[in-house]
Amino acid sequence: MGTKIIQLIIITLIISSNLIFGQTKDNKIKYMKKYAYCNCLYINNNKLDATYLNNKFQLSDKSENLFMDLGKISDKESAKIREFTEKQTKDIATIESSYYSETGISYTITADCLNFYESKDLDNYVKKIVGVALKRRTKN
């Protein structure tokens, strides 16, 4: 009887630790993607306006730091994400929008960065960094 209770406790602990570990990876992935989104906005707005760095809002917005802390993103991981984001979104600031702007030229940087945030490419990349195995599609 005592052996069965011990076995039940061990099985419960194993299942619980697997669930917690899975949730931890999911949270990390979520915050890595949010970190990439912030980077996309920053990189592309900065390309359009050199004074973007001097903007008080930009200097005081520490969203990237928040996502790094919440996701426990290491400096090495953040560097990989920044490099990937820069590579994947390098043309966003060069694509003019068809929407009217009183300044003459308009862009859709926020929308384009949101599309990047929701992309399969970013999702697959951060999962690769975290070490989550990607499911392969099988042809029927």
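Read on for a plain summary of the structure. (Residues numbered from 1 in each chain as written. Predicted model: local features only at pLDDT ≥ 70, side-chain atom pairs only at ≥ 80, totals over all residues. Heavy atoms only, no water.)

Some words on the packing of aromatic side chains
What counts is decided by this rule: Only centres within 6.5 Å qualify two rings of Phe, Tyr or Trp (six-membered ring in Trp) as a pair; their planes then separate them into stacked at under 30 degrees, edge-to-face at over 60, and tilted for everything else. Criterion for a charge above a ring: Lys NZ or Arg CZ within 6 Å of the ring centre, and within 35 degrees of the ring normal.
Inspection of the entire model under this criterion finds four aromatic pairs. Among the aromatic residues, those joined into a ring-pair cluster are F84, F116 and Y125. Sitting over the ring of Y117, K33 keeps its end group 5.6 Å from the ring centre.

Thoughts on the nonpolar core
We apply this condition: We call a set of buried Ala, Val, Leu, Ile, Met, Phe, Trp, Tyr and Cys residues a nonpolar core when their side-chain atoms join them within 4.5 Å. Partly exposed residues are those whose accessible area sits between 20% and 50% of the maximum for their type, while under 20% is buried and over 50% is exposed, using a 1.4 Å probe and protein chains only. Secondary structure elements follow DSSP: runs of H or I of four or more residues count as helices, runs of E of two or more count as strands, with numbering from the N terminus.
If you look at the biggest cluster of nonpolar residues, it comprises 24 residues, and the most contacted ones within it are M32, I81 and C113. At the level of elements, helix 1 (2–48), helix 3 (63–71), helix 4 (75–88), helix 5 (109–117) and helix 6 (120–130) are the ones that each hand at least two residues to this core. At nine residues, helix 1 tops the list of elements feeding residues into this core.

Some details on unusual backbone geometry
Notably, K72 is not glycine yet its phi reads approximately 50°, a positive angle. The residue K72 is located in the loop between helix 3 and helix 4 in this model.

Notes on helix 3
Every α-helix winds through 3.6 residues per turn, so residues three or four apart in the chain are directed the same way. Put simply, the rule reads: Think of it as the arc spanned by the lines of direction from the helix axis to the C-beta atoms.
Among all positions of helix 3, only F67, M68 and G71 are buried. One side of helix 3 carries all its buried residues, which in axial view fall inside an arc of 100°. One or two steps after helix 3, the chain reaches K72, where phi turns positive at roughly 50°.

Observations regarding the pattern of salt bridges
Heads up, the rule is: Definition used for salt bridges: Asp or Glu carboxyl oxygen within 4 Å of a side-chain nitrogen of Lys or Arg.
Tallied over the entire structure, the rule returns four salt bridges. Among the salt bridges present, the one from D123 reaches K33, with a minimum N-O distance of 3.3 Å. Of this pair, D123 sits in helix 6 while K33 sits in helix 1; the two residues are 90 residues apart in sequence, bridging distant segments of the chain. Judged by relative accessible area, which is 11%, D123 ranks as buried. Through salt bridges that share partners, K33, K120, D123 and K127 make up one connected network.

Description of the environment of V132
Rules: Pairs of residues are marked as contacts when any of their non-hydrogen atoms sit within 4.5 Å.
By secondary structure assignment, the location of V132 is in the segment after helix 6. Residue V132 is classed as partly exposed on the basis of its relative accessible area of 25%. In the structure, V132 is positioned 103 residues away from I29 in sequence and 9.4 Å away in space, judged by C-alpha atoms. Those residues within four positions of V132 in sequence are excluded, and the remaining contacts are K25, I29 and K127.

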